[in-house]
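If you want the building blocks of each chain, they are given just below.
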Amino acid sequence: MSRYWSSIVHDLTPYVPGEQPKLPNLVKLNTNENPYGPSPKALEALRGEVGDSLRLYPDPNSDRLKEAIAAFYGVKPAQVFVGNGSDEVLAHAFLALLKHDEPVLFPDITYSFYPVYCGLYGIAHRQLPLTESFEIRVDDYFRPNGGIIFPNPNAPTGCPLALAEIERLLQANTGSVVVVDEAYVDFGAESAVGLVDRYPNLLVIHTLSKSRSLAGLRVGYAIGHPDLIEALGRVKDSFNSYPLDRFAIAGAAAAIEDRAYFEETCARVVATRTRMVTDLEALGFEVLPSAANFVFARHGQHDGAELAARLRERSIIVRHFKNPSRIAPFLRITVGTDGQCEALVGALKEILV
Ligand SMILES: Cc1ncc(COP(=O)(O)O)c(C=O)c1O
């Protein structure tokens, strides 16, 4: 602690991202990156940006990208907001739409950045327990609130929530904004984007880090009513007018436009997930139903921390969460290539003998 720190900084509990170890020959299954590269068309678009135009600021509104996203989903560009990773979009949503007198509600087991944003912006919040089977019970959210946010599928469980349940939640909460963080939706859950025209209180947030294989480019977006989008824009233009650089705008637009590559790589991840779940179950793991590019699994006889440590000795990195204690027995394992998942299963076989 430094005497020069503001009291806000002093009281922060920052988010701890999954590690990015710089070791050779690592099987890296800890941060839900896509094992396949970005669309070749995105890479070509990135190369096309190298040149004299880098002297100039990028388009502060990222219109080219907003148009690509709007065309992909059949919405209007005025219903689209883009940011530097969905983390930035989420941060702006907390400040612009979820900071009210009543607490914002989210699950007790969820993306651990949500309480961090509440801490940063001084937002009252309440965490509602998932059920015994790690599901979101929508009826728990029928209470006064300053907003609701959850990932679908949830993180780190991977469990999806049915669209009909989300609609019930929206109908019961017309007085506040419901944010659905669809970071992993493309791997098997139902998107709520089709509901934005009917529910002006719905904001759906996506990232290009997972299903578009562009975690390194840092691009995320939100889709919702133009009033919600305007609120996000007001925060953005009070913070950083150019959150997306020229590479991000061009590469992300090309990735969104390459629907065939996106669909093919998502299908490959889903096929590998199915095989990995079967293999893990054969080893005695209980695997929660996953609609994401990761699985959440526990072994009756072995502690999660111990298994993560022993995998690490074999250069295989998975994610383990100590808190809350209810999820301490679990490992969160990213779906890699078939080869990576076979390496994981092989190592677990050795560890479990
Ligand atoms: C549920 C959820 N939302 C948002 C993000 C942030 O993604 P990004 O900032 O890379 O777009 C993550 C990243 O792991 C996540 O798990």
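The text that follows walks through the structure, step by step, so that each part is easy to find.

Criteria and cut-off values
Residues numbered from 1 in each chain as written. Predicted model: local features only at pLDDT ≥ 70, side-chain atom pairs only at ≥ 80, totals over all residues. Helix = DSSP H or I, 4+ residues; strand = E, 2+ residues; numbered from the N terminus. Expected span 1.5 Å × (residues − 1). Buried ≥ 20, exposed ≤ 12 C-beta atoms within 10 Å, placed from the backbone. Pairing = 2+ DSSP bridges. Axes fitted to C-alpha atoms, helices over the stretch in contact; angles between N-to-C directions. Contact = placed C-beta atoms within 7 Å. Near = placed C-beta within 6 Å. Nonpolar A, V, L, I, M, F, W, Y, C, P; charged D, E, K, R; others polar. Right-handed = clockwise from strand over helix to strand, strands pointing away. Core = buried A, V, L, I, M, F, W, Y, C linked by C-beta atoms within 7 Å. Domains from an automatic or database assignment.

## A word on unusual backbone geometry
- Following Asn152, the chain continues into Pro153 via a peptide bond in cis, with omega recorded as -5 degrees.
- You can see Pro153 is positioned in the loop between strand 5 (147-151) and helix 6 (163-172).
- Here the residue pair Asn323 and Pro324 is connected by a cis peptide bond, since its omega of -10 degrees sits within 30 degrees of zero.
- Position of Pro324 relative to the elements: it lies in the loop between strand 11 (316-317) and strand 12 (330-334).

## Some points on helix 4 (residues 85-97)
- Between its terminal C-alpha atoms helix 4 stretches 18 Å, which fits the 18 Å expected from 13 residues at 1.5 Å a residue.
- The element helix 4 is largely enclosed, with a buried count of 13 among its 13 residues.

## Notes on the sheet that holds strand 12
- The three strands are arranged 9-10-12 in an open sheet whose pairing can be described as antiparallel. Each edge of the open sheet carries a strand with a single partner, namely strand 9 (285-287) and strand 12. Between one strand axis and the next, the sheet turns by 35 degrees as a mean value, whatever way the strands run.
- Bridge count for strand 9 against strand 10 (residues 294-299) is three bridges, and the pairing is antiparallel.

## A short note on the environment of Arg273
- Relative to the elements of secondary structure, Arg273 occurs in helix 9 (residues 259-282).
- Of the residues examined, Arg273 has 24 C-beta atoms within 10 Å and is grouped as buried.
- Along the backbone, Arg273 and Gly300 are 27 residues apart, and their C-alpha atoms lie at a distance of 21 Å.
- In this view, Arg273 contacts Ser290, Val295 and Val335; residues no more than four positions away in its chain are not counted.

## Here's the deal with the sheet that holds strand 8 (residues 220-224)
- Taken in spatial order, the seven strands of this open sheet run 2-8-7-6-5-3-4, and their pairing is mixed. With one partner strand each, in any of the chains shown, strand 2 (80-83) and strand 4 (125-128) form the two edges of the open sheet. When the angles between neighbouring strand axes are averaged without regard to direction, this sheet yields 20 degrees.

## Notes on the site of the ligand
- As a matter of local geometry, the ligand sits amid 13 residues, with Gly85, Ser86, Asp87, Thr207 and Ser209 nearest to it.
- Per-element accounting of the shell around the ligand gives the leading share, three residues, to helix 4.
- Grouping the constituent residues of the shell around the ligand by class yields five nonpolar, six polar and two charged.

## Notes on the pairing of strand 4
- Summarising the sheet, strand 3 (residues 104-107) and strand 4 pair through four bridges and their orientation is parallel. Paired with Leu105 across the bridge in strand 4 is Arg126.
- Crossover strand 3 to strand 4 through helix 5 (residues 113-121) is right-handed.

## Digging into the nonpolar core
- Counting residues in hydrophobic clusters, the biggest one holds 106 residues, and the most contacted among them are Ala93, Leu203, Val204, Ala222, Ala252 and Ala297.
- Structurally, this core is a two-domain feature, drawing no fewer than three residues from each of domain 1 (20-37 + 265-352) and domain 2 (40-257).
- Apart from the residues lying within four places of it in its own chain, the contact partners of Ala252 are Leu65, Leu208, Leu214, Leu217 and Val219.

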